[in-house]
Amino acid sequence: ITVRYTFDSDGNYLEDTYEIEVLQGPLVRILEDLPEGFKKDQTHTLTAEYYNAFGTKMTHPDGLRWTSNAPTVATVDSSMGEVTAVGPGTVTITVMTQESDSNSRINGTYEFDVLTDPEIAIIDLPTNSSINVGGTETLDYEYYDNTGTKVDLPQGSTVTWTSSDSTKVSVDSSTGEITGVAAGSADITVTVSGTSISSTETIMVLGIARNDGSRIVINENIPDPFLVGQTHTFTFTYYDSSSMETNVPAGSAEWTNSNGRITFSSMNPGEGTGAGVGGRTRIKLKYTFDSDGNFLVDEYRPFVIPGPLVQIIENIPEGFKKGQTHPLAAEYYNATGNKVDYPGTGGLIWSSSDETVATVDSSTGEVTAVGPGTVTITVKTQEFGTNSRDEEEDAYKFTVLTKPKLVIVDPPETPSIIINNTHDLGYEYFDNTGTKVNLPMGATVTWTSSDTTKITIDSSTGVMTGVATGSSNITVSTTIDGETIISEELEIFVFASRGIPVSVDIIEDLPNPFIVGQNYTLKFDYYDNVGKTTKPTGTTIWGSSKNKNASITNAGVLTAERAGTTEIMLTFTTLSPGIGNVSLTDTYDIRVDKAGPAIRIIEDIPSTFAVGDTHTLTYLYWNVSNQYVDSPTGVRWTISKGSDKDIVTIDPDSGVITASKAGTTTIKVRTKEDNKDERVDNTYQITVN
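Residues numbered from 1 in each chain as written. Predicted model: local features only at pLDDT ≥ 70, side-chain atom pairs only at ≥ 80, totals over all residues. Heavy atoms only, no water.

Structural notes on the sheet that holds strand S42 (residues 405-409)
So, point 1. Taken together, the three strands give an open sheet; going across it, the order is S42-S45-S46, and neighbouring strands pair in antiparallel fashion. Looking at strand neighbours, the two that pair on one side only are S42 and strand S46 (436-437), the edges of this open sheet.
So, point 2. In the sheet, strand S45 (residues 426-430) pairs with S46 via two bridges, with the strands oriented antiparallel. The partner of Tyr429 across the bridge, within S46, is Val437. (Pairing = 2+ DSSP bridges. Helix = DSSP H or I, 4+ residues; strand = E, 2+ residues; numbered from the N terminus.)

Structure below.
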């Protein structure tokens, strides 16, 4: 907006300009009032304004829902909009209206950074964080700025090293070199000059540690899984100076934990309970002998897992092969670490990452080996009617084996040969993982013909020769570890001469997409009794099952008429010596697409798609030049209006669908141009078993 003020006295003027943005409703926007320097553990309640189609600010009748795209950086209360900073990074908070028709929902976003206090961490600790009297180690540090990024110290800053007890451990204040002075322990601290930024680690001095060869070993028998809230009695084994396991002499045990993820309620024995948020931790045991005050130490690094948790019992038998079955089971642990029956409303759902390798019954967990390869079986809790983020899952990866096999390769076309002609056959060997490999060292193959009056074959080279008209079955075999492996039979025909019509094959090379108004000439290959050869004289007739979609001339010139599908039919008639006219046929299913910009869903959901299964939908998009590209505005996936929204759930951005119940529904994909008239879409009807 520009204002100009003209003076009456001399006609001169002054002017000023003010830029504003006029938005079109309906609109929802977040008031971006987060305080500057928003840090980890701080909270702030965001608010949003909703304007209807007439530009009037009002309360949305269906309410608003808040989400975060990075919960490790900041979480947000879905109904109140209260943001809690979790860790450093960049996060986008989204607020969305909640109309029952998801296609009518609108949203607003707010991107901001979460900071943290600068930190320093001590690194290069000695093994077990312990040194001997007189021993030295040089510690180092890493510095992290308020974004959590490891950087150099700020210009002009230095660090100072200190010891809580220099009678036990001394430290060089500038270099971080520590020296063991006397048995015991001290806290070593590094501090950034002029700040309160510091880090502390405990160093143990084993000045009177036993050096007679005796040792203690923590028994690594912690439950798997070990959950937050569970308690375990940690024990150890003592080995004397001759490495014999024996009763430990009188003394006292001190169990410590590096980061508070296990808390100890007693020392002898070590009663430890999983605590905090879970994760990798370090347990240290120091055992002091009453007789002389000497120490022995050991360390153990278990993992503490926060519940609730579901875990597969991984007991697929070794050598699990194609055709075998095995029932899997899963254990469920609640939030306090207790193993209980799963209390949820939806039960446990099993799924397979590759059903060509192994299938799994979605409700019972019974696995059936289908073919060789590696597969991952997943079990997931089903929290029907609640946030899917409450669901827990576990995965089990294993390999399915099969019997080794030989396969004949490089057969003649048809397959047939002419009398007195030769052909060199080959083979491929597949091991019990289904992988094509060389034969084991020392193994050889043997070729055989079922009827040597028709075909002879060299038993070692696989070179066969046609002898008389008829046919013979060819096999190749080998013996490995006492087991004979024989290929499937390959029937080869012998002819006196070639020229008998056998088949025609339309060359399926139509441009994709094939656009309304385009022309393309189809061609075909001709095969006689020996193989592909030059097409003889004959009559060619082309046809289309739906001329309104695509028409074709007898010269094979195909014209795209209207978007849709049709079947192209070919009949080729030629004269066969001694037989007469022979008609050969072939068909080719084609699709005609409208001119770009346009979009089409790739219809690849398997016919076995069942409740609990997931599948990622993809699409083809072609621009105004009819070139395949990614949609420049991105796409949005939804359930089509009027379709059953309870059959599947779908991620609007990734196109990942999850089957919820049996039935049929329709999926829609559309581009996301701001101008609705420029958007293109496509639908795909799917069925869940």
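After that view of the structure, there is still more to cover.
With respect to the packing of aromatic side chains
So, point 1. Scanning the model with the defined rule gives 17 aromatic pairs in all.
So, point 2. When the ring of Phe38 is compared with that of Phe112, the centres are 6.1 Å apart and the planes differ by 70 degrees; the resulting orientation is edge-to-face. Within this pair, whereas Phe38 is found in the loop between strand S3 (27-30) and strand S4 (43-45), its partner Phe112 is found in strand S11 (residues 107-114), the two being separated by 74 residues in sequence. Considered together, Phe38 and Phe112 belong to a single accessibility category, that of buried residues.
So, point 3. For Arg4, the ring lying beneath its charged end belongs to Tyr13, and the centroid distance is 4.1 Å. (Phe/Tyr/Trp six-rings, centres within 6.5 Å; stacked < 30°, edge-to-face > 60°. Buried < 20%, exposed > 50% of the residue type's maximum accessible area, 1.4 Å probe, protein only. Lys NZ or Arg CZ within 6 Å of the ring centre and 35° of its normal.)

Observations regarding the environment of Asp290
So, point 1. Relative to the elements of secondary structure, Asp290 occurs in the loop between strand S30 (283-289) and strand S31 (295-300).
So, point 2. Owing to a relative accessible area of 57%, Asp290 belongs among the exposed residues under this scheme.
So, point 3. Through-space distance from the C-alpha of Asp290 to that of Lys380 is 52 Å; in sequence the pair is 90 residues apart.

Brief notes about the pattern of salt bridges
So, point 1. Considering all chains together, one arrives at twelve salt bridges under this definition.
So, point 2. Two residues, Lys454 and Asp451, come together in a salt bridge whose shortest N-O distance is 3.6 Å.
So, point 3. With relative accessibility at 24%, the residue Asp451 sits in the partly exposed group.
So, point 4. Via salt bridges that share partners, Arg29, Glu49 and Lys57 belong to a single interconnected network. (Salt bridge = Lys/Arg side-chain N within 4 Å of Asp/Glu carboxyl O.)

What about the sheet that holds strand S49 (residues 463-466)?
So, point 1. As summarised here, the arrangement of the three strands in space is S44-S49-S48, forming an open sheet in which the pairing is antiparallel. Of all the strands in the sheet, the pair left with one neighbour each is strand S44 (422-424) and strand S48 (455-457). Here the average twist between neighbouring strands, direction ignored, is 20 degrees.
So, point 2. Here three bridges tie S48 to S49, and the two strands are oriented antiparallel to one another. Counted as the bridge partner of Ile457 is Met464 from S49. (Axes fitted to C-alpha atoms, helices over the stretch in contact; angles between N-to-C directions.)

A word on unusual backbone geometry
So, point 1. For the peptide bond that leads from Asn512 to Pro513, omega is 5 degrees, which places it in the cis range.
So, point 2. Among the structural elements, Pro513 can be located in the loop between strand S53 (501-506) and strand S54 (519-521).
So, point 3. Within the chain, Asp124 stands out as a residue other than glycine whose phi angle is a positive 60 degrees.
So, point 4. Within the secondary structure, Asp124 is located in the loop between strand S12 (119-123) and strand S13 (130-131).
So, point 5. Note on Asp124: relative accessible area 48%, which makes it partly exposed.
So, point 6. Here Asn626, not a glycine, exhibits a phi torsion of approximately 60 degrees, which is positive.
So, point 7. Inspection of the secondary structure assignment puts Asn626 in the loop between strand S64 (619-622) and strand S65 (635-639).

Observations regarding a negative patch on the surface
So, point 1. A grouping of Asp505, Glu508, Asp509 and Asp589 is seen on the molecular surface, where their side chains present a negatively charged patch.
So, point 2. For Asp509, the location among the structural elements is in the loop between S53 and S54.
So, point 3. The class of Asp509 is partly exposed, set by a relative accessible area of 38%. (Patch = residues over 30% accessible without salt bridge, like charges linked within 9 Å, V, L, I, M, F, W, Y side chains within 5 Å. Areas by Shrake-Rupley, 256 points an atom, 1.4 Å probe, with all protein chains shown as cover. Lys, Arg positive; Asp, Glu negative; His and termini not counted. Charge placed at Lys NZ, Arg CZ, Asp CG, Glu CD.)

Remarks on a nonpolar patch on the surface
So, point 1. A grouping of Ile1, Tyr18, Ile20 and Val22 is seen on the molecular surface, where their side chains present a nonpolar patch of about 500 Å² in accessible area.
So, point 2. With respect to the secondary-structure elements, Val22 resides in the loop between strand S2 (13-17) and S3.
So, point 3. You can call Val22 exposed: its relative accessible area is 73%.

As for the side chain of Asp298
So, point 1. Position of Asp298 among the secondary structure elements: in strand S31.
So, point 2. Here Asp298 occupies a buried position and makes no salt bridge, while the nearest side chain of opposite charge, Arg215, is found at 7.8 Å.
So, point 3. Once residues within four sequence positions are removed from consideration, Asp298 is found in contact with Ile216, Val217, Ile218, Ile283, Lys284 and Leu285. (Contact = heavy atoms within 4.5 Å.)

Observations regarding the confidence of the model for the protein
So, point 1. Averaged over every residue, the pLDDT of the protein is 88; the share at 70 or more is 97%.
So, point 2. Here strand S29 (residues 279-280) is the element of the protein with the lowest mean pLDDT, 68, and S48 is the one with the highest, 97.
So, point 3. The model gives residues 384-389 a pLDDT under 50, and that stretch makes four contacts with residues more than four places away or in other chains. (pLDDT = per-residue confidence, 0-100.)

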